[in-house]
Amino acid sequence: MAIDRRFNTMITSSSFEELTHHLRQMIQLLKAKNPDIAVNYAQLGNDLYWFLRNKEEKVRLDWAKAFYSRQESIEKGEDEL
């Protein structure tokens, strides 16, 4: 799945610049797939702040938990993208 590949590429970014590049692509892909998807920009800004404050692993872990728990819900038919 294209979204999984993009997410994995984004989450393993080695720099802030690389992360933001892949993040923009990920948001564009999600919005193209479903225009009703809401992005919590306040939380995203907070996460990016902590990424820059040497908390990259915590941010990555939080994003991975959220992404894969949502993917699991979709696979079970509880949620739709």
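Residues numbered from 1 in each chain as written. Predicted model: local features only at pLDDT ≥ 70, side-chain atom pairs only at ≥ 80, totals over all residues. Heavy atoms only, no water.

Colleague: Would you mind going over helix α3 (residues 41-52) with me for this structure?
Modeller: Because the α-helix completes a turn every 3.6 residues, residues three or four places apart line up on one side. The terminal C-alpha atoms of α3 lie 16 Å apart, and with 12 residues this matches the ideal 16 Å at 1.5 Å per residue to within 8%. For α3, the complete set of buried residues consists of Leu-44, Asp-47, Leu-48 and Phe-51. Across the axial projection of α3, the buried residues extend over an arc of 100°, all falling on one side. Phi for Asn-54, located one or two positions after α3, is positive at around 65°. (Helix = DSSP H or I, 4+ residues; strand = E, 2+ residues; numbered from the N terminus. Expected span 1.5 Å × (residues − 1). Buried < 20%, exposed > 50% of the residue type's maximum accessible area, 1.4 Å probe, protein only. Arc of directions from axis to C-beta.)

Colleague: Hey, could you run me through the layout of surface pockets in this one?
Modeller: Over the atoms, a rolled probe matching the size of one water molecule traces out where space is still vacant. Here the largest pocket is characterised by a volume of approximately 600 Å³. Leu-30, Ala-38, Val-39, Ala-66 and Phe-67 are the residues nearest the centre of the largest pocket, which is lined by 21 residues in total. Secondary-structure elements contributing two or more residues to the lining of the largest pocket are α1 (2-11), α2 (16-33), α3 and α4 (56-75). Per element, the largest residue contribution to the lining of the largest pocket is 6 residues, and it comes from α4. (1 Å grid on protein atoms, 1.4 Å probe; cavity = no way out; pocket = protein on both sides within 12 Å on 5 of 7 lines; lining within 4 Å. Points joined across faces, edges and corners; volume = space filled by probe spheres on them.)

Colleague: Could you clarify how one ought to interpret α1 in this entry?
Modeller: Inspection of α1 places Ile-3, Phe-7, Met-10 and Ile-11 among the buried residues, and these make up the whole buried set. Buried residues of α1 fall within an arc of 90° about the axis and therefore sit on the same side.

Colleague: Honestly, the packing of aromatic side chains in this entry has me stumped. Any pointers?
Modeller: The geometry of an aromatic ring pair is captured by the separation of the ring centres together with the interplanar angle, meaning the angle of the planes. What the rule picks out here adds up to 5 aromatic pairs. Ring centres of Phe-7 and Tyr-68 lie 5.7 Å apart, and the angle between their planes is 85°; this geometry places the pair in the edge-to-face category. You can see Phe-7 sitting in helix α1 and its partner Tyr-68 sitting in helix α4, a full 61 residues away along the chain. Phe-7 sits in the buried class, given a relative accessible area of 4%. When the ring of Tyr-49 is compared with that of Trp-50, the centres are 5.1 Å apart and the planes differ by 80°; the resulting orientation is edge-to-face. (Phe/Tyr/Trp six-rings, centres within 6.5 Å; stacked < 30°, edge-to-face > 60°.)

Worth remembering: the numbers are spatial, not functional.
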